[in-house]
Amino acid sequence: MNRRFQISVWFAVVCAVVATAGCGPRETRVALGNRAQILHKGNGAEPQDLDPQIVTGVSEHHIIMALLEGLVTEDPVDLHPIPGVAERWDISPDGKVYTFHLRADAKWSNGDPVTANDFLESFKRMLMPSLATEYAYMHYVVKNAEAFNTGKLTDFEQVGYKVIDDRTLQITLENPTVYFLSLLNHDSWFPVHLPTIRKYGQPYERNNKWTRPGHYVGNGPFVLERWRVNDVIVVRKNPNYWDKDRVRLSKIYFYPIEAGDTEERAFRSGQLHATDTMISGKIPVYQKNHPELLVNDAYLGTYFYRFNVTKPPFTDKRVRQALTMAIDREAIVEKIARGGQLPAYNFTPPATAGYTARAKITPDLALAKKLLAEAGYPDGKNFPKTELLLNTAESHKAIAEAIQQMWKKNLGIEVELANQEWKVYIDSQRTLDYQVCRASWIADYVDPNSFLDMWLTGGGNNETGWSNKEYDQLIGDAGRETDAAKRLELFQKAEALLLDELPVLPIYFYTHVAARRPEVKGWYPTILDNQPTQRRR
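Here goes a summary of the coordinates provided. (Residues numbered from 1 in each chain as written. Predicted model: local features only at pLDDT ≥ 70, side-chain atom pairs only at ≥ 80, totals over all residues. Heavy atoms only, no water.)

**Quick look at helix α9 (residues 317–325)**
Moving on, step 1. In terms of residue burial, α9 counts as a mostly covered element, since 7 of its 9 residues are buried.
Moving on, step 2. Residues of α9 that are buried in the fold lie against β12 (294–307), α10 (329–337), α11 (365–374), α12 (394–411), α16 (484–501) and β17 (504–515). (Buried < 20%, exposed > 50% of the residue type's maximum accessible area, 1.4 Å probe, protein only. Helix = DSSP H or I, 4+ residues; strand = E, 2+ residues; numbered from the N terminus. Contact = heavy atoms within 4.5 Å.)

Rendered as C-alpha cells:
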C-alpha cells in the first residue's frame, strides 16, 4: 500500500491567552498545559504494568499506545489501518501471506534501529508458554502459533513468522483473516526491545523490571519519563521517533484516578483537560449547565458479570440462568448508569461489523424462581454464601448494590460485595479466585470475533472455567470460513449456545461518557476510544 499520510494535530492543546488577573503560581495545570503543549488526562485505574505482552486493560493500552508502535497504526478518525513501522505491505492473492516493508528511519528510543527481527523475537516472546500471556490467542491466526503456544510444537521456525531481511517481515496465516491488519493495532502485536528485557531479568518470565522509568525502551512517539504509583505516569516526546516533527504534544500526564467524583473535581478545578469517565450523578448537571464540556460517544463494549463455573452453586447452569433472568437492566441503565447505555440481552453489541445476535436473554422472574428451585434452592433457601467481586469504583459499587437487592428481592438470595484494587482484582479473575465478579470487555478490533473467541476453552481472557466443545468448534469454523454470510451464521450459533450456558451475565452495552475541555483538538469519537498519539489522517 503506497499511500502517503499526513500527520495532523493530536490533542493539540490550543495556546489560549490566559487573561486571569493574579494567576502567578496559582495557574492551573490546564492553563500551563495549554501554553506548553502538555496534556493532562484522567486514565482510570493504576496500570497493572506497561509491558504490552502482559497487560489486559484499557487504561494500560492508552499509555502503551504512546510508548510503542506496531507494524501498522490507526487513522484517528475511523481507525482503519495505516502505515506504522511498516511503510507498506503486500498481500498474497490467497489472503494468507502478508509481507511488511519496514521504514529505514524507524528507531528505538535508545537509537537502535527497529528491525524485522525485533518483531519476530517479540512475537516469539508473546507465544512462549512460560510467559503465560492472556492474549497469546490473538496470534493464533498465524500458522502454527497456537501449536507453539500450547507446547505441541517446540520449533519456533515452523511458526508463520519469517525475516526476509532487516527491513522485511513475512507473516503467514492459517486462513485468510479479514480483520488481520486491525488486529496488529493490539498491544500483543507491538514490538518490545529484547536486549533491554534481558538486561533486567528473564525475558520469558513475568515480573521483569524493564518497564520502570529509566529502563523502558520503546519505539513510539513518546518515552516514559516518570511513574509514581497511584499518582501519575508522565511520557515525553521521543526525539528518536521516525515522525517526531509532526508530534505536537511535548508531554502527556496520565492520572490513575479510580474515584469518579475525585476525577470530576480535578477536571472542574482545572487540573485535567479530559476525564476517563463521568460519574452518573454529574451527567444531568453537565447536560444542563455545561453541555459543551460533556462528551457521550458510541463505545464498542459490554458491561457484564462473570460466573466461576468451577465453584458450586455456579457449576449448575440453572443457577446461572436464574440469576441472569432476575435483574432489571432497564432500571440499571436509566437510574444508575444514566449515560445512554443500552440494556444487554446478549453479549456482542448490536451491529458489530454487520452482526447482530438473534438469540436473546428473556427476563422472566417466574422461570427464574422455577430454575432456582429445580437446582435445589426454592425461594433461595440453603443457597450458599456468595461473594460478588468488583474493583474499586463508585459506579461499579452502585450497580452491584442494585443487583444485590434485585437478587434478594426476586430470588431470596443473599450476596455480599467484595472490593479489590485493580491489580489484585485482575489477578483474582485470572486465577479464578472468585464466585461472581464484575467485568467489562471493549473490543480489541471491530468484529464479532473479538467478543466471542474469548470464551474458547482455556482462552486467556475466558476466566470463568467454562468449556464447551461445540462452542469451540463453531468459533474455529468461523475462523476458517471465507464466506462472510456463512461466517456470521456460525457466530449466531455460537452466541446462542453461550446465552444458553451463561458463564457470563450481560448487563449493558457501553457508551463513553466523559468531560473534555474545548482547548483539546483532534480528538475524534471512535467506537474503540483509541486516540493515536501521533495523529495521522
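**Overview of the pattern of salt bridges**
Side chains that differ in charge, positive against negative, can pair when their charged atoms come close.
Moving on, step 1. Applying the stated criterion across every chain, the model contains 24 salt bridges.
Moving on, step 2. With a shortest N-O distance of 2.8 Å, glutamate 27 and arginine 35 are connected by a salt bridge.
Moving on, step 3. For arginine 487, the salt bridge identified is with aspartate 447, shortest N-O distance 2.7 Å. Of the two residues, arginine 487 sits in helix α16 while aspartate 447 sits in the loop between β16 (436–442) and α14 (449–452), which places them 40 residues apart along the sequence. Taken as a pair, arginine 487 and aspartate 447 share a single burial class, namely buried.
Moving on, step 4. One salt-bridge network, in which partners are shared between bridges, spans Glu134, Arg206, Asp427 and Arg430. (Salt bridge = Lys/Arg side-chain N within 4 Å of Asp/Glu carboxyl O.)

**Some details on the nonpolar core**
Moving on, step 1. Core analysis: the largest hydrophobic core is formed by 143 residues, its most contacted members being Phe100, Tyr161, Ile171, Phe180, Trp189, Tyr305 and Trp407.
Moving on, step 2. If sequence neighbours within four positions are ignored, phenylalanine 180 has contacts with Tyr98, Phe100, Val141, Ile171, Leu173 and Trp189.
Moving on, step 3. Counting 16 residues, the second largest nonpolar core, distinct from the first, contains Ala266, Phe267, Met278 and Tyr286. (Core = buried A, V, L, I, M, F, W, Y, C linked by side-chain atoms within 4.5 Å.)

**Re unusual backbone geometry**
Moving on, step 1. Across the junction of proline 312 and proline 313, the peptide omega takes the value 5°, indicating a cis bond.
Moving on, step 2. Relative to the assigned elements, proline 313 resides in the loop between β12 and α9.
Moving on, step 3. The backbone of asparagine 230 sits at a positive phi, close to 60°, despite the residue not being glycine.
Moving on, step 4. Note that asparagine 230 resides in the loop between β9 (222–228) and β10 (232–237).
Moving on, step 5. With relative accessibility at 56%, the residue asparagine 230 sits in the exposed group.
Moving on, step 6. Phi at alanine 351 takes a positive value of approximately 60°, unusual for a residue other than glycine.

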